Amino acid sequence: MTNLVSMLCDMIEDSGKRALVVGMGVSGIATAARLRRAGWTPVIIERAPARRTGGYFIALFGAGQAAARRLGILDAMHNRTGRDVPADLDRTGRSRPGMSFADLPGEPWIVLRGDAENAAYSTLPDDVEVRFSTVPTAIEQDDDGVTVTLHDSAAGTSVTERFDLVVGADGLRSTVRRLTFGPHANHLRRLGYMVAACGYPGTPPGLAPGQGATLLEPERSMWVFAFTDHEPTIMMTYRTDDVDAEFTGTPAERLRAAFGPEPLGIMLEDVIAAFEAADDKLFDSVEQVHMDSWHRGRVILLGDAAWCVTLYAGMGVSAGFMGADLLGAMLERHPGDIRAALDEWERALRPHIQYYQDNAFDDRKIFVMDNPWEIRLRRFMPKLARTRIGALIAKRFLRPEVMERKCTDIVGDVLAKLPTPEHERRSVA
Ligand SMILES: Cc1cc2nc3c(=O)[nH]c(=O)nc-3n(C[C@H](O)[C@H](O)[C@H](O)COP(=O)(O)OP(=O)(O)OC[C@H]3O[C@@H](n4cnc5c(N)ncnc54)[C@H](O)[C@@H]3O)c2cc1C
C-alpha cells in the first residue's frame, strides 16, 4: 500500500455504513478502496473464482492519471510505453515506419489492464472483505437500505444481506443493471464492430523484440502493442453487418473469415494462431451502454456497467477511476444524504462521460478506418506533421477538443469548483 493511502486509512472514521460492490475490475476495486477511505465498510463480490491477471493494452490519459493519483493508485503503476517505432505492415510482409500510440497528444501512459487492476488492489485496505464466485441474484430496496440475495456458486449456497448502498461495477453485461434497471437490450447499443485481444508470448515474426506493429486495411485491422518490460499484446478489430453471426463457430474461425478471403500472410496467420492458443483472451462485440440515469435509489452503476464508452474511446479505465474518485468525494460531502451525493456525482460526471461516448465512433478511426483514403491519410500524417501547415492540419485531424477532455483533470476541476457543503459551513461558523 502506498504511504499516502496507508496514512489516510489510519485516519478512517467509520461511518457505520455498509456498501456492496459488485465486480472486481478496475472500477470495483477503486470504488471499494475509495469508499473505505470515506469511512464506509465495503464488501466486494466477484463472479470469478479468483482475481484475473494480464489483460490487454490500455492507454491511460491525463484525466484518468489525475484521478488515479488522488486515489493513490498511480504511484503503484508505471508507464510501459515502448520507445521503438512500430512497423506499419501489409500482408506481403512489406513494412514501413508507423505511428505509435505514445505519439498521441497528452502522452498517455501505456499499461496492461492487469497493471491498473493490481495497482488499484494495492490500495485496498486488508479489512475489506472479498467474496469470490459470488453473484447477486435479487436486489430490493426501500427508503432505508437495499436487501440483496448473494449466491456463492462454489459452495452452492445463498444468503440475503442488507446494505446502505449497492455499486454495480460488473461490466458491460451487468447483472446489477439487469436486476435494477431492466434487460440488457434496453441499454446496450452495438457499434457494428468486433474486437479480439490477448497476450502474445515472445516476439511476432518479422518484428524486433519490443517493436509494435499495425496491419491496417479498410474496415479491419490488426495491432501488436509493444511494452518496455512486458511481452506484447495483440488486438484485431473489424466491422460486421451481423453481430449475432459473429458468435457462431469459434472466435478464430470468425477472425479468419473476417480477414479473408485473401490469404492471411505470415503475420496474420501467426497472430490468429496465438489468439487460438491463448488461455486468457477476449472476443466480443463493441457495445456502448446508454442509460437515462446511473443510479436508482441506493443502487448505483459505475464503470462499463453504467456507461461503457468502448475501447475506441480509450477512456474506460480512466472513467472508472474518475467515477470512483468522485463518488468517494461526494459521499464525504453529503454524509447523511446518499441521494444528494449520488445526484451530485452523476450531474458532475455525466457531461464528460457523454462526451467520450459521443466521440467514440469517430475515435474508432484511430483503430479501424473505413476506406483506403483514410489509411493513406493516416500514413501521410507523421510526414505532414513535420511541416508548419501540416502540423496545423494534423492538429485539427486529431480533434484537440476531444484530447483536452481526455487529458485534463476533470474530477479535480469539479472538486475545486464545489461550494463548501452546508454541514462544513455550519461547523466553521
Ligand atoms: C481490447 C480493449 C482495449 C481497451 N483499451 C482501453 C484503453 O486503451 N484505455 C482505456 O481506458 N480503456 C480501454 N478499454 C476499456 C477498459 O478495459 C474497460 O472500460 C475497463 O476495464 C472497465 O472496467 P470495469 O471495472 O468497469 O469493468 P470490467 O473490467 O468488465 O470488470 C467487471 C468485473 O465484474 C465481474 N462480474 C461480472 N458480472 C458479475 C456478477 N454478476 N457478479 C459479480 N461479479 C461480476 C467480472 O468478472 C469483472 O471482474 C479497452 C477494452 C478492450 C476490450
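In this text, all values refer to a predicted model and were calculated from it rather than measured experimentally.

Parameters and conventions
- Residues numbered from 1 in each chain as written.
- Predicted model: local features only at pLDDT ≥ 70, side-chain atom pairs only at ≥ 80, totals over all residues.
- Heavy atoms only, no water.
- Helix = DSSP H or I, 4+ residues; strand = E, 2+ residues; numbered from the N terminus.
- Buried < 20%, exposed > 50% of the residue type's maximum accessible area, 1.4 Å probe, protein only.
- Contact = heavy atoms within 4.5 Å.
- Areas by Shrake-Rupley, 256 points an atom, 1.4 Å probe, with all protein chains shown as cover.
- Salt bridge = Lys/Arg side-chain N within 4 Å of Asp/Glu carboxyl O.
- 1 Å grid on protein atoms, 1.4 Å probe; cavity = no way out; pocket = protein on both sides within 12 Å on 5 of 7 lines; lining within 4 Å.
- Points joined across faces, edges and corners; volume = space filled by probe spheres on them.
- Axes fitted to C-alpha atoms, helices over the stretch in contact; angles between N-to-C directions.
- Parallel < 35°, antiparallel > 145°, perpendicular 65-115°, else oblique.
- Left-handed = near helix turned anticlockwise from the far one by under 90°.
- Nonpolar A, V, L, I, M, F, W, Y, C, P; charged D, E, K, R; others polar.
- Pairing = 2+ DSSP bridges.
- Near = heavy atom within 4 Å.
- Polar contact = N/O pair within 3.5 Å; in protein donor to acceptor, adjacent residues only side chain to side chain.

### Things to note about the overall build of the protein chain
When helices and strands are counted, the protein chain shows 16 helices and 18 strands. Counting across all 429 residues of the protein chain, residues that qualify as buried make up 54%. Within the protein chain, contacts between residues at least 6 apart in sequence are counted, and of these 72% link residues at least 24 apart. A total of about 19,000 Å² of accessible surface is found on the protein chain, and carbon and sulfur atoms cover 52% of it.

### Re the pattern of salt bridges
Taken as a whole and judged by the stated rule, the model has 30 salt bridges. Of the charged contacts in the structure, one is a salt bridge between Arg162 and Asp142, with a shortest N-O distance of 2.9 Å. Of this pair, Arg162 sits in strand β10 (residues 157–163) while Asp142 sits in strand β8 (residues 134–142), placing them 20 residues apart in sequence. With relative accessibility at 38%, the residue Arg162 sits in the partly exposed group. With a closest N to O distance of 3.0 Å, Lys365 and Glu374 form a salt bridge. If you follow the salt bridges from partner to partner, you end up with Arg173, Arg190, Asp244, Asp284 and Glu287 in one network.

### Some thoughts on the environment of Val22
Structurally, Val22 can be placed in strand β1 (residues 18–22). Taking relative accessible area as the criterion, Val22 reaches 5% and is therefore assigned buried. Once the C-alpha coordinates of Val22 and Ala169 are considered, the two residues, 147 residues apart in sequence, prove to be 5.4 Å apart. Setting aside residues no more than four positions away along its own chain, Val22 makes contact with Ile45, Pro136, Val166, Val167, Gly168, Ala169, Asp170 and Val176.

### A closer look at empty space enclosed by the protein
Tallied over the full model, the rule gives three cavities of 30 Å³ or more. Here the largest cavity is characterised by a volume of approximately 190 Å³. In terms of lining, the largest cavity is formed by 18 residues, of which the most central are Pro86, Ser100, Phe101, Phe225 and Ala226. At the level of secondary structure, the elements contributing two or more residues to the lining of the largest cavity comprise β13 (213–217) and β14 (220–225). Per element, the largest residue contribution to the lining of the largest cavity is three residues, and it comes from β14.

### Examining the packing of helix α10 (residues 316–333) against helix α15 (residues 410–417)
Between α10 and α15, the least distance of the axes is 9 Å, while the angle of their chain directions is 20°. Classified by the interaxial angle, the pair formed by α10 and α15 is roughly parallel. Our pair here, α10 against α15, has a crossing hand that is right-handed. Contacts between α10 and α15 involve Met322, Asp325, Leu326, Ala329 and Met330 from the first element and Ile410, Val411, Val414 and Leu415 from the second. When the residues that make up the contact of α10 with α15 are grouped by side-chain class, the tally is eight nonpolar, no polar and one charged.

### A closer look at unusual backbone geometry
Generally, phi is negative for residues other than glycine and the peptide bonds are trans, each holding for most cases. Cis geometry marks the peptide bond from Gly260 to Pro261, where omega comes out at 0°. Position of Pro261 relative to the elements: it lies in the loop between α7 (251–258) and α8 (265–277). With phi around 55°, Ser133 is a residue other than glycine that occupies positive phi space. Turning to its location among the elements, Ser133 is positioned in the loop between β7 (129–131) and β8.

### Structural notes on the sheet that holds β1
If you trace the six strands from one edge of the open sheet to the other, you get β7-β2-β1-β11-β18-β17, paired in mixed fashion. The two strands at the open ends of the sheet, each matched to only one other strand, are β7 and β17 (295–296). The pairing of strand β2 (residues 41–45) with β7 spans three bridges and is parallel. Note that in β7 the partner of Val43 across the bridge is Glu129. Most of the contacts of helix α2 (residues 26–37) go to β2, to which it runs at about 165°, and overall it touches β1, β2 and β11 (165–168).

### Here we look at the site of the ligand
What surrounds the ligand is a group of 34 residues, the closest being Ser27, Glu46, Arg52, Ala59 and Asp304. In this structure, Gly314 approaches the ligand through a main-chain N or O atom, which is 3.3 Å from a nitrogen atom. Between Gly316 and the ligand, the recorded distance is 3.0 Å, taken from a backbone N or O atom to an oxygen atom. Here the ligand has 1,000 Å² of accessible area as a free molecule, and 91% of this is covered by the chains.

### Points about the side chain of Asp115
Secondary-structure assignment places Asp115 in helix α4 (residues 113–122). Sequence-distant contacts of Asp115, defined by excluding residues within four places in its chain, comprise Met77 and Arg80.

### Brief notes about the pairing of β14
Taking burial as the measure, the six residues of β14 include six buried ones, the bulk of the element. Side chains Arg220, Met222 and Val224 project from β14 onto one buried face, and the interleaved Ser221, Trp223 and Phe225 project onto a second face that is buried too. In this sheet, β14 lies alongside β13 in antiparallel orientation, the contact comprising five bridges. Counted as the bridge partner of Thr214 is Trp223 from β14. Of the strand pairs in this sheet, β14 and strand β15 (residues 233–239) are connected by six bridges, and their pairing is antiparallel. Within the sheet, the bridge partner assigned to Val224 lies in β15 and is Ile234.

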